[in-house]
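What follows is the residue order along each chain.
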Amino acid sequence: MKKKELTFDKEKKLKKNILLIRPPSSLGELTKTSATQHPINLLCIAAYIRQFGHYVKILDMEIDEINTKKLIEFNPDVIEITAMTPLVKIANQICLKIN
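The numbers attached to residues start from 1 for each chain and follow its sequence in the written order. Selection of residues for local features in this predicted model requires a pLDDT of at least 70, selection of side-chain atom pairs for listing and counting requires 80 or more, and totals for whole chains, interfaces and linings are taken over all residues. Only hydrogens and water are removed before side-chain values are computed, so all heavy atoms of the structure are retained for them.

1. A word on the pattern of salt bridges
Moving on, step 1. Basic side-chain nitrogens of Lys or Arg form a salt bridge, by our definition, when they fall within 4 Å of a carboxyl oxygen of Asp or Glu. Across all of its chains, the model carries 1 salt bridge by this definition.
Moving on, step 2. Between R22 and D60 there is a salt bridge; the shortest N-O distance is 2.9 Å. Within this pair, whereas R22 is found in strand β1 (residues 17-22), its partner D60 is found in strand β2 (residues 55-60), the two being separated by 38 residues in sequence.
Moving on, step 3. Only protein chains enter the calculation, and the probe is 1.4 Å; a residue is then buried if its accessible area is under 20% of its type maximum, exposed if over 50%, and partly exposed in between. What makes D60 buried here is its relative accessible area of 9%. Each helix is a run of H or I in the DSSP string that is no shorter than four residues. Each strand is a run of E no shorter than two, and both are numbered from the N terminus.

Below, the structure written as structure tokens:
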């Protein structure tokens, strides 16, 4: 039996909606009054993914909250949450809320 090779026509590539999330700091309101840094790691990932034609949105929860209406409209195929060890519990809560 002959093996089938996966080939992709550039015109028919499956484009995905990808949502990248940075959870809020565990310091809460204290960080909103100080300088918040840009999520450079997510911006780099988004730039790389966009090269392949996918649609990417970043939700920076340091400054925004989850907007259920916008989340449903974007209808992400993939959701990525980045978190350092101290924020793992918060990231898990976000996963439960999205699910």
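2. A look at the environment of P24
Moving on, step 1. When you line up the elements, P24 lands in the loop between β1 and α1 (29-33).
Moving on, step 2. Separated by 66 residues in sequence, P24 and I90 have C-alpha atoms that sit 7.7 Å apart.
Moving on, step 3. Residues are treated as being in contact if the distance between any of their heavy atoms lies within 4.5 Å. With residues up to four places along the chain from it excluded, the contact list for P24 reads M61, E62, L87, I90 and I94.

3. Re the sheet that holds β2
Moving on, step 1. Paired strands, as defined in this entry, are two strands with at least two bridges between them according to DSSP. Read from one edge of the open sheet, 3 strands run β2-β1-β3, paired in parallel fashion. The open sheet is flanked by β2 and β3 (78-81), the only strands paired with a single partner. Neighbour-to-neighbour, the strand axes of this sheet turn through a mean angle of 20°, independent of strand direction.
Moving on, step 2. Bridge count for β1 against β3 is 4 bridges, and the pairing is parallel. Opposite I21, over in β3, you have I81 as the bridge partner.
Moving on, step 3. Axes here mean lines fitted to C-alpha atoms, for a helix over just the part in contact, with angles spanning 0 to 180 degrees between N-to-C directions. Those strands touched by helix α4 (residues 88-98) are β1 and β3, and its axis lies near 160° from that of β3.

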